[in-house]
Every structure is written in structure tokens, then in C-alpha cells.
Amino acid sequence: MNRAFTPVVHSIFTALMIFSGTAFAADAAHPAAVKVDPAKGSSLYADGDTARGLPACVSCHGAAGNSTIAANPKLAGQPEGYLYKQLVDFTTPERQNPVMTMYSKMLTDAEKRNIAAYLSTQGQKPGAAKNKDTVEWGKKIYRGGIAEKNVPACASCHGPAGAGNPARYPRIGGQHQDYTIAQLEGFKAKGRKNSAEMTTIAERMSSDEMKAVADYVAGLK
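Residues numbered from 1 in each chain as written. Predicted model: local features only at pLDDT ≥ 70, side-chain atom pairs only at ≥ 80, totals over all residues. Heavy atoms only, no water.

As a further point, take the overall build of the chain. Scanning the chain for helices and strands turns up 11 helices and zero strands. In the chain, the succession of α and β elements from N to C terminus is α-α-α-α-α-α-α-α-α-α-α. Counting every position in the chain, which comprises 221 residues, the buried fraction comes to 41%. Here the analysis covers contacts within the chain between residues at least 6 apart in sequence; of these, 64% occur between residues at least 24 apart. Counting only carbon and sulfur atoms, one obtains 62% of the accessible surface of the chain, whose full area is about 12100 Å². (Helix = DSSP H or I, 4+ residues; strand = E, 2+ residues; numbered from the N terminus. Buried < 20%, exposed > 50% of the residue type's maximum accessible area, 1.4 Å probe, protein only. Contact = heavy atoms within 4.5 Å. Areas by Shrake-Rupley, 256 points an atom, 1.4 Å probe, with all protein chains shown as cover.)

A few words now on unusual backbone geometry. Of note, the phi angle at asparagine 150 is positive, near 60°, even though the residue is not glycine. Assessed through its relative accessible area of 53%, asparagine 150 is described here as exposed. The phi torsion at lysine 190 lies on the positive side, around 65°, for a residue other than glycine.

Bringing the packing of aromatic side chains into the picture now. Scanning all chains against the criterion turns up two aromatic pairs. On the numbers, 5.7 Å between centres and 50° between planes, the contact of tyrosine 45 with tyrosine 118 is tilted. Here tyrosine 45 is found in helix α2 (residues 38–47), whereas its partner tyrosine 118 is found in helix α6 (residues 109–120), with 73 residues between them in sequence. Neither residue differs from the other here; tyrosine 45 and tyrosine 118 are each classed as buried. (Phe/Tyr/Trp six-rings, centres within 6.5 Å; stacked < 30°, edge-to-face > 60°.)

Now for the packing of helix α7 (residues 135–144) against helix α11 (residues 207–218). Axis angle and axis distance: for two packed helices, these are the angle between their axes and the distance between the axes, and together they describe the pair. Interaxial distance between α7 and α11 falls to 7 Å at its minimum, and their mutual angle equals 90°. Relative to α11, the element α7 is oriented roughly perpendicular. For the pair α7 and α11, the contacting residues are Val135, Trp137, Gly138, Lys139, Ile141, Tyr142 and Arg143 in the first and Asp208, Glu209, Ala212, Val213, Tyr216 and Val217 in the second. Across the contact of α7 with α11, the residue classes tally to eight nonpolar, one polar and four charged. (Axes fitted to C-alpha atoms, helices over the stretch in contact; angles between N-to-C directions. Parallel < 35°, antiparallel > 145°, perpendicular 65-115°, else oblique. Nonpolar A, V, L, I, M, F, W, Y, C, P; charged D, E, K, R; others polar.)

Written out as C-alpha cells, the structure reads:
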């Protein structure tokens, strides 16, 4: 009887695991399905939590998510689901960063969601392209890709104005050049592992191509 019963139990267990995994994935992609509090996110972003030794996010990412430090990303206006996913990813081997990994692990799941909800509603201050000699090249790659290298158009995922796609693709329009370049190089070197798509694409791009695209998207509005 036990032998006949075991496969049934195993099937039920497997089905439950699959369902749970699907539910988690859907929940991560759609944090709005879980009650969030942007006001709490705003407070934690601006003030941190001294009792836990958690610094204010604003110290690195700027007021309302508009970083003035080229190495630190602007977070204002990023899709809520994408921001939440990155905060989760920082706690895994998929995206390790000495600073963000430490602080993301200190945040509860609710706090991650609250911060993401707050930042997604903030307006991003525009950036600007700086290299007039490569801006047209960057524009060509962004809009049309690099056919001979099988690099798709960046716009196909990130949108014509770089506004991104909720949960899956970040807003890259207006982003600091230095930060965008660092992420592309990170994907290429497999230091950042949380997007198989971007790893494949970055591996096919040269450093000069990355710099041209990064400069072009910095000026998108």
C-alpha cells in the first residue's frame, strides 16, 4: 500500500511546489498585489533606521532617487516590480555588491516593497549625452541593434525613450553614463548574473559600443 501511495503523495507535493514557485514569481513581478506603503518607503529612504545601523538610501541615491553621483544609479521612476526584484536579487549570488548586498539583507520583504513603491512614483531629473562624436552611433545601436553581431535593438526591450518595462526591464533613459557602462561590463564579465538576456547581449558588444549606447541613453527623456 505504501508503494502505491508514495507516487501520489510525490505528485501532489511536486504540484504544490510548482504552484508555490509560480505564485512567488508572479508576486515578485506584481508587488502591487501585496499591500505596500509608499509613505513608509519614503521615510526609510530618507532617514534609514539608526537602531539597525541602516543608513538612509538618500545618502547614495539622492533626493527622491535622483542620484548626483555618476557611479550610483538614479532610481526615480524605475518600475516598482523591477526595483523590488533587484533588492531581492542583491541578497542572492545572482547580484552581489558589497554595499547593496549588506543593506538589502537588512531590509524586510515589506520594506523592500515599500521603498520600491515610493521610488517608482518619483520623477527622474533628466540627464544629457556628453560625447557628440559617438551619440549618433549610440542612437543607431539603441534603435537598430548591431545586425552582424546579433545584438538586438535596446529599444525593443527598454522602449524608444528608455522608460523600461514594469518588472522585467529597467528605465535606462536619463541614467548616468558611468553606471550604465559598469552594468554592461558587469554582465559581460559575469559579475552580474541576474539577467541571462543581458549577459548574452553584453558579451557581443565592445567597450566602445557600450560607451556609445550609455552616452546616448543618458540623454533620453
